[in-house]
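Analysis of the macromolecular model
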Amino acid sequence: MSDYYFRTRQMTVGYDGVPLIKDIAIDIEKGEIVTLIGPNGSGKSTILKSITRQLKLLGGRVFIASEELQRLSYKDLSTRMAVVLTERMKPELMTCRDIVATGRYPYTGRLGILSREDEEKVEAAMTAVHALELRNRDFNAISDGQRQRVLLARAICQEPEIIILDEPTSFLDIRHKLQLLSILRDMAKRRGITVIMSLHEIDLAQKISDRIICVKGDHIARSGAPEAVFDEAAIRELYGIDQGYFDPVFGSIELSRPEGEPKALVLSACGTGIPVFRRLQKQGVPFAAAILYENDVDYRLARLLAVETVTEKPFMPIGDAAFERALALMDRCERIIDAGVAIGETNRRMKALIEAARRKDGYERG
Amino acid sequence: MKQDASNATAQSAFFSEGFKRRSRYQLVFILLVFALMAITVLNVNTGSVAIPVGEIFQILLRRATDSTQYSIIWKIRLPRILMAALLGGGLSLSGFLLQTFFGNPIAGPFVLGISSGAKMVVALTMIYFLKFFGQVSSWALIVAAFAGSLLAVSFILLLSRRLKHMAVLLVAGIMIGYICSAVTDFMVTFAEDSDIVNLHGWSLGSFSGMSWDSVAIAAVVVGLMAVLTFLMAKPIGAYQLGEAYAQSMGVNIRAFRVALIVISSVLSATVTAFAGPISFVGIAVPHLIKRALNTSKPLIVIPAVFLGGAVFCMGCDLIARTVFAPTELNISTVTSVFGAPVVIVMMLRRQRGR
């Protein structure tokens, strides 16, 4: 158990002495990226505030390396742990460089005067987050994405072993989200800095994290590697999703499907169906899809959006059963949409199916 | 600032900006010191009896204790000037600390009712001591003012737990100030007595009638607090980013907050004990100084704020005693005329900044 860099044992967290989440056991190895996910108000921030000692632990113990968090002085803790917080600060007349330089606090003398070495570390940290050109700008006058990077540089130049970030991507557009996360990734892998953060974007959480912790109100619902944690049912249950779907493979989300008797049948293959599926879904038309191989990308979406999907096993010739089902669906649907199907060795019978469709009134090209 | 380092660091672009900033700091400090000296000389020189600048040094050096001019300079003008400088500096620092504490540039000992709280307890003490002992010591007044300051501060802190909105808190502070002033006026009115007549003048704020004893006491207290404040420059800088960040940098928040409140209360209490409540200095001076330096770095700002406060109050005192001579204005009348517009401009700028 001493292999783990950061551990909690029976940790209980909450506000004003009222326990919110009990018995939290987290084990993190050095250089891992760990992400807390869960609905709003589920206690992600409470956990983060407790392990940064902004909130008093209500029970249990937290260890960093082999030392107990509660026994460390604030000063000792500051050389191991740095934070990037959600609260927006409005410092007066401070340049970005001034902000980053505050990260050197634990290392400077009584009056906090920066040495040459400190200055160089500030510069290096700003370079690492691609923010060097911001150094003389007023911190209040830069964009949210730039601000997060500057705050991250501040944390980096504190030279911590562990960085805690509370929803670092909240105000960022997609470009800056990706930029920030790749900096974190780089930092964790190259410098062995452990990262613990909370994220709203479960898709990003899945892609960046080595370990996921699902926080649900009063308990930790699940934790472990993203592959283990991310399945449809678990995410649905964690966030209480009742409209729409979550696809754990790509981490994508879908709105719920139009239910009812299928009014349209979509014939597609290899991705040609996806725009058609989406269009029908937006129009609220219940539809069926045919005949899709179970490894086709159209199948991944049809599975979620179509009320009925006719499938065939990968790499096999289309069998009678599937063919008959597709024909039957064709009779039931008012519209038959041919999204374009590439015909090859195994799916030769699609050609016959499309020809049959052409003779119908409801035939259209999608 | 490190002058010797400036050449060596100027090479890289990253550091040349630092050089530019340091030059600005130096310029501001030189100007402040120059203004301080000019105003001191002007202050000694001007008054109902004008004493030519050239003679001032001669008079002081000769130490002709029997001459009237010597008496005017040594017994009246010099202690008054020094007091204005010390108390002005202390008041500005007190404002700066309170602004740091509340994270709001409009906080200050006067606005938050701290000066008025001190005034109330000092008035009470004065009346009591004069009635039963016929005299009152400076130390007793300082202690009384400190008690009054703490009373007002603890009330504000109590309210600040419930009132998260800063504007409401400031209004509460102003109300506390009015209540304390009302109580003071009430006591002064009914304690009307030949000994207490000057109480009225004091309760409106004035630097007049300072003795060297008072100057010595104020110098010790204000000097000590100013040094302590300067030594706290590092955690104050961290605290400017917010409590949580400061803690993550290793600041013991609880101890720090207590120190901040105690130091700012002692400073504003000392000012009130000797000169009565003085308005707007605590807000206007730190703001002007930060603008001039274009930074809020405490290490630079703290000494500059002290100097600036000294210059500001000496200037205001000069105006208070000369403009309508022989009638003297209350010091607050003058500081308000110059300080209040600064505060208004500051608020307008902040609005635009949003």
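Residues numbered from 1 in each chain as written. Chains lettered and ligands numbered in written order. Predicted model: local features only at pLDDT ≥ 70, side-chain atom pairs only at ≥ 80, totals over all residues. Heavy atoms only, no water.

**Details of the overall build of chain B**
Scanning chain B from N- to C-terminus turns up 15 helices and 0 strands. The proportion of buried residues among the 354 residues of chain B is 54%. A separation threshold of at least 6 residues defines the contact pool for chain B, and within that pool the share at least 24 residues apart is 75%. Accessible surface for chain B amounts to roughly 16,100 Å². Of this, 68% is attributable to carbon and sulfur atoms. (Helix = DSSP H or I, 4+ residues; strand = E, 2+ residues; numbered from the N terminus. Buried < 20%, exposed > 50% of the residue type's maximum accessible area, 1.4 Å probe, protein only. Contact = heavy atoms within 4.5 Å. Areas by Shrake-Rupley, 256 points an atom, 1.4 Å probe, with all protein chains shown as cover.)

**So, the domain arrangement of chain B**
Residue and element names in this part refer to chain B. Annotation of chain B at the domain level lists domain 1 (28–65 + 278–354) and domain 2 (106–276). The gap between the C-alpha centroids of domain 1 and domain 2 is 21 Å. The partner domain 2 presents 23 residues to the 19 residues of domain 1 that form the contact. Of the roughly 1,600 Å² buried between domain 1 and domain 2, counting both surfaces, carbon and sulfur atoms make up 75%. Where domain 1 touches domain 2, the interface holds 0 salt bridges. (Domains from an automatic or database assignment. Buried area = accessible area lost by both parts, 1.4 Å probe. Salt bridge = Lys/Arg side-chain N within 4 Å of Asp/Glu carboxyl O.)

**Quick look at the side chain of H176 of chain A**
All names here are of chain A. Relative to the helices and strands, H176 is located in helix α6 (residues 174–191). Judged by its relative accessible area of 14%, H176 falls in the buried class. What H176 contacts, discounting residues up to four positions off in sequence, is G145 and R149.

**Thoughts on the packing of helix α5 (residues 114–132) of chain B against helix α7 (residues 166–190) of chain B**
Residue and element names in this part refer to chain B. Relative orientation of the contacting elements α5 and α7 amounts to 20°, with a least axis distance of 8 Å. The orientation of α5 relative to α7 falls into the category roughly parallel. Between α5 and α7 lies a crossing whose hand is left-handed. Residue-level contacts link S116, G117, K119, M120, A123, L124 and I127 of α5 to G177, C180, S181, V183, T184 and M187 of α7. Within the contact of α5 with α7, the residues separate by chemical class into 7 nonpolar, 5 polar and 1 charged. (Axes fitted to C-alpha atoms, helices over the stretch in contact; angles between N-to-C directions. Parallel < 35°, antiparallel > 145°, perpendicular 65-115°, else oblique. Left-handed = near helix turned anticlockwise from the far one by under 90°. Nonpolar A, V, L, I, M, F, W, Y, C, P; charged D, E, K, R; others polar.)

**Re the pairing of strand β4 (residues 59–64) of chain A**
Residues and elements named next belong to chain A. Both strand β1 (residues 6–15) and β4 contribute to a ladder of 5 bridges, which runs antiparallel. Along β4, the bridge assignment pairs T8 with V62. Across 2 bridges, the pairing between β4 and strand β5 (residues 67–68) is antiparallel. If you follow F63 over to β5, its bridge partner there is E68. (Pairing = 2+ DSSP bridges.)

**Concerning the interface of chain A and chain B**
In this assembly, 42 residues from chain A lie in contact with 31 residues from chain B. Summing both sides of the interface, chain A and chain B together bury roughly 3,300 Å²; the carbon and sulfur share of this comes to 59%. Put simply, chain A and chain B have 3 salt bridges between them. Residues E92 of chain A and K290 of chain B are paired through a salt bridge, measuring 2.9 Å at the closest nitrogen-oxygen approach. There are 12 residue pairs in polar contact (both at pLDDT 80 or more) connecting chain A and chain B. Considering every element that reaches the side of chain A that touches chain B, the biggest residue donor is helix α4 (residues 116–128) of chain A, with 5 residues. Residue classes in the side of chain A that touches chain B are distributed as 18 nonpolar, 10 polar and 14 charged. (Polar contact = N/O pair within 3.5 Å; in protein donor to acceptor, adjacent residues only side chain to side chain.)

**Focus: the sheet that holds strand β14 (residues 287–293) of chain A**
All names here are of chain A. With parallel pairing, the 5 strands of this open sheet are ordered in space as β15-β14-β13-β16-β17. Either end of the sheet is taken by a strand with one partner, and the two such strands are β15 (308–312) and β17 (363–365). Within this sheet the neighbouring strands show an average axis-to-axis angle of 20°, counted without direction. With 4 bridges joining them, strand β13 (residues 264–267) and strand β16 (residues 335–338) adopt parallel strand pairing. By the bridge assignment for β16, L265 is matched with I336.

**Examining the environment of A85 of chain B**
Residues and elements named next belong to chain B. Structurally, A85 is set in helix α4 (residues 68–102). Taking the C-alpha atoms as reference, A85 lies 22 Å from V122; in sequence the two are 37 residues apart. Those residues in contact with A85 that lie beyond four places of it in its chain are A310 and M314.

**Concerning the environment of L60 of chain B**
Residue and element names in this part refer to chain B. Among the secondary structure elements, L60 is positioned in helix α3 (residues 53–62). A C-alpha to C-alpha distance of 35 Å links L60 and V122, two positions 62 residues apart in sequence. Ignoring any residue separated from it by four or fewer positions in sequence, one finds L60 in contact with Y70, I73, W74 and L78.

**Topic: the packing of aromatic side chains**
Within the structure shown, the criterion is met by 7 aromatic pairs over all chains. Arranged with centres 5.8 Å apart and planes meeting at 40°, the rings of F230 of chain A and F246 of chain A form a pair that is tilted. With a gap of 16 residues between them, F230 of chain A in the loop between α8 (226–229) and α9 (232–239) and F246 of chain A in strand β11 (residues 245–247) connect regions that are remote in the sequence. Residue F246 of chain A is classed as buried on the basis of its relative accessible area of 0%. Arranged with centres 6.1 Å apart and planes meeting at 75°, the rings of Y128 of chain B and F129 of chain B form a pair that is edge-to-face. Residue classification places Y128 of chain B among the partly exposed residues on the basis of a relative accessible area of 48%. According to the relative accessible area criterion, F129 of chain B is partly exposed, its value standing at 26%. Taken together, the ring pairs connect Y128, F129 and F132 of chain B into an aromatic cluster. (Phe/Tyr/Trp six-rings, centres within 6.5 Å; stacked < 30°, edge-to-face > 60°.)

**Digging into the packing of α4 of chain B against helix α12 (residues 253–275) of chain B**
Residue and element names in this part refer to chain B. Across the interface, α4 lies against α12 with an axial gap of 9 Å and an inter-helix angle of 150°. Two packed elements cross with a definite hand, and for α4 against α12 that hand is left-handed. Of the residues in α12, those touching α4 at M83, L87, G90, L91, L93, S94, L97, L98, T100 and F101 are R257, L260, I261, I263, S264, L267, S268, T270, V271, F274 and A275. Here the residues of the contact of α4 with α12 sort into 14 nonpolar, 6 polar and 1 charged.

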